[in-house]
Amino acid sequence: MALAIRFALFGCTNRPFFHIVVMEKRRAQRSGKIKEMIGSYDPMPNQDNQKLVAVDFQKLQQWLGFGAVPTKHVAELLGLGGFYPIHPMSYIKAKRKRKLMEKQPADMQAKEEAQETEAIQVNEDTQPVSTEDASQ
């Protein structure tokens, strides 16, 4: 019997919440019997913009000793927590996010300049017409 350490989805619509659980590895077993819950993960940022993770590392080590294998997403999360080596996808995601953050201020500045030039053009096009000129 192969075991996997994976996320089990709980929560409501638009408010996901995951338990980190040990269960059988079969793909069709998503809603199968859970052997043990070893942690939780809340992907929605709280007031302080933090995503909360709680893991019982003693239970995690015990299940890893029994041969349980973490899924890719759980391994990535454990890598960010310092339990595993950092997953290579974490570096790629950070690089993409950094590029996006560098690009956003330039885009915002370009939009502001475009709006300013548009406002100036609108003001030049709409010049007030005097009543004397209209009667002639």
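Note: the structure precedes this text.
Residues numbered from 1 in each chain as written. Predicted model: local features only at pLDDT ≥ 70, side-chain atom pairs only at ≥ 80, totals over all residues. Heavy atoms only, no water.

As for the nonpolar core
Ile5, Ile20, Val22, Ile38 and Trp63 are the most contacted members of the largest nonpolar core, which totals 13 residues. The set of elements that each furnish at least two residues to this core consists of β1 (3-12), β2 (15-24), β3 (34-42), α1 (57-65) and α2 (72-81). Other than its neighbours up to four places away in sequence, Ile38 contacts Ile5, Ile20, Val22, Ala54, Val55, Asp56, Lys59, Leu60 and Trp63. (Core = buried A, V, L, I, M, F, W, Y, C linked by side-chain atoms within 4.5 Å. Buried < 20%, exposed > 50% of the residue type's maximum accessible area, 1.4 Å probe, protein only. Helix = DSSP H or I, 4+ residues; strand = E, 2+ residues; numbered from the N terminus. Contact = heavy atoms within 4.5 Å.)

What about unusual backbone geometry?
In the Ramachandran plot, Asn14 falls in the positive-phi region, its phi being about 60° despite a non-glycine side chain. In this model, Asn49 sits at a positive phi of 60°, which is unusual for a non-glycine residue. You can see Asn49 is positioned in the loop between β3 and β4 (52-55).

Focus on the layout of surface pockets
Think of a ball as big as a water molecule: rolled over the atoms, this probe shows where empty space is left. The computed volume of the largest pocket comes to approximately 420 Å³. Tyr41, Glu76, Leu77, Leu80 and Lys93 are the residues nearest the centre of the largest pocket, which is lined by 13 residues in total. Secondary structure elements with two or more residues in the lining of the largest pocket: α2 and α3 (88-125). By residue class, the composition of the lining of the largest pocket is 7 nonpolar, 2 polar and 4 charged. (1 Å grid on protein atoms, 1.4 Å probe; cavity = no way out; pocket = protein on both sides within 12 Å on 5 of 7 lines; lining within 4 Å. Points joined across faces, edges and corners; volume = space filled by probe spheres on them. Nonpolar A, V, L, I, M, F, W, Y, C, P; charged D, E, K, R; others polar.)

Side note on the packing of aromatic side chains
For the coordinates displayed, the defined rule picks out 6 aromatic pairs. For the pair Phe18 and Tyr41, a centre-to-centre distance of 6.2 Å together with 20° between the ring planes defines the contact as stacked. You can see Phe18 sitting in strand β2 and its partner Tyr41 sitting in strand β3, a full 23 residues away along the chain. Relative to Phe83, the ring of Phe57 has its centre 5.3 Å away and its plane inclined at 25°; by these criteria the two rings are stacked. (Phe/Tyr/Trp six-rings, centres within 6.5 Å; stacked < 30°, edge-to-face > 60°.)

So, α1
Taking the backbone nitrogen of Gln58 as reference, a side-chain oxygen 3.3 Å away marks Asp56 as the first, capping residue of α1. Following α1 by one or two positions, Gly67 has its phi on the positive side, about 105°. (Polar contact = N/O pair within 3.5 Å; in protein donor to acceptor, adjacent residues only side chain to side chain.)

Some details on the sheet that holds β2
Reading across the sheet, the 5 strands line up as β4-β3-β2-β1-β5 and stay open at both edges, with mixed pairing between neighbours. The sheet is open, and its two edges are formed by β4 and β5 (69-70), each paired on a single side. With respect to the sheet, α1 is in contact with β1, β2, β3, β4 and β5, its orientation differing from that of β3 by roughly 135°. α2 rests against β1, β2, β3, β4 and β5 of the sheet, and its axis sits at about 90° to β1. (Pairing = 2+ DSSP bridges. Axes fitted to C-alpha atoms, helices over the stretch in contact; angles between N-to-C directions.)

A few points about the pattern of salt bridges
Two side chains bearing opposite charge may form a pair once their charged atoms approach each other closely. Per the counting criterion, the structure on display carries 3 salt bridges. Of the charged contacts, one joins Arg15 and Asp42 as a salt bridge, the two residues approaching to 2.8 Å between their closest N and O atoms. With Arg15 in strand β2 and Asp42 in strand β3, the pair connects residues that are 27 residues apart, well separated along the chain. A salt bridge links Lys59 to Glu36, with the shortest nitrogen-to-oxygen separation between them at 3.3 Å. Here Glu36 lies in strand β3 and Lys59 lies in helix α1, a separation of 23 residues in the sequence. For Lys59, a relative accessible area of 28% corresponds to the partly exposed category. (Salt bridge = Lys/Arg side-chain N within 4 Å of Asp/Glu carboxyl O.)

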